[in-house]
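# Chain and residue survey
Now for the letters of each chain:
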Amino acid sequence: DMLENYMTDPLLLQEIEWALVSMSSLALEPLAVAVKEGKVSSGAALLVLTRIARQEPGMVTPLLKDEHDGLARLSAVAVASCGHPGKLDALLAVFDDASSGARQATLQSVCNISRSKCLELVEKSLKGDDEQLKLAALGLMKMVKEPRLAALCVPLLHSDSRLLVAAAMETLTALGARG
């Protein structure tokens, strides 16, 4: 395909990237389609999304709700790494409505930005129904080492999911909880 030949030219890719960034929010729909169809690399998409988010994170956050998990995750990472002062608020505003994968990426991103908001989202995630999000939250609990969150692991020890039980036990051990 002729387009694929062009997409390997680094100079052309850079020009396309700058054109997309200059189009700002108008570029989001065609970029989203290209990501979903596998016509653009995750790295290139992340670069463009991050540059657009630098202008205004709110332009990118609607993509966190996209059904395409890869696009939603990339959008969360782009907003988190954009450097805009409103990035934390933008991520928190869409957390509940984001796709499962985007919530996981958002949780990780928020934990990289703010410890207090991280702890709030970890607690919220552990109380929710999304098993993958709970696993991500347990993993983050081991990293933030906040012993007061240990009590949140106890209900997970009675879960039907062996994976959650094992992860909760591992997290309690890492937090130094004593039974």
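Heads up: the structure comes first, above all this text.
To start, this report covers the structure provided alongside it. (Residues numbered from 1 in each chain as written. Predicted model: local features only at pLDDT ≥ 70, side-chain atom pairs only at ≥ 80, totals over all residues. Heavy atoms only, no water.)

### Overview of helix α10 (residues 162-175)
An ideal rise of 1.5 Å per residue puts 20 Å on 14 residues; α10 measures up with 20 Å between its terminal C-alpha atoms. Within α10, the full set of buried residues consists of L164, V165, A167, A168, T171, L172 and L175. One face of α10 carries all of its buried residues, which in axial projection span an arc of 165 degrees. Looking at α10, the residues exposed on the side facing more than 90 degrees away from the buried face are R162 and T173. Where α10 is buried, its residues meet α9 (131-144). In the stretch just after α10, G176 is the one whose phi turns positive, near 75 degrees. (Helix = DSSP H or I, 4+ residues; strand = E, 2+ residues; numbered from the N terminus. Expected span 1.5 Å × (residues − 1). Buried < 20%, exposed > 50% of the residue type's maximum accessible area, 1.4 Å probe, protein only. Arc of directions from axis to C-beta. Contact = heavy atoms within 4.5 Å.)

### Topic: the packing of helix α3 (residues 28-36) against helix α4 (residues 42-55)
Between α3 and α4, the least distance of the axes is 11 Å, while the angle of their chain directions is 155 degrees. With respect to α4, the axis of α3 lies roughly antiparallel. Helix-helix and strand crossings are classified by hand; for α3 and α4 the assignment is left-handed. Residue-level inspection shows L28, L31 and V35 of α3 in contact with α4, the latter providing A45, V48, L49 and I52. (Axes fitted to C-alpha atoms, helices over the stretch in contact; angles between N-to-C directions. Parallel < 35°, antiparallel > 145°, perpendicular 65-115°, else oblique. Left-handed = near helix turned anticlockwise from the far one by under 90°.)

### What to know about the packing of helix α7 (residues 100-113) against α9
Remark: α7 packs on α9, axes separated minimally by 9 Å, with the N-to-C direction vectors making an angle of 15 degrees. When the interaxial angle is binned, α7 and α9 end up roughly parallel. Note on packing geometry: the crossing formed by α7 with α9 is right-handed. Only Q132, L133, A136, A137, L140 and M143 of α9 make contact with α7, whose side of the interface consists of R103, Q104, L107, Q108 and C111.

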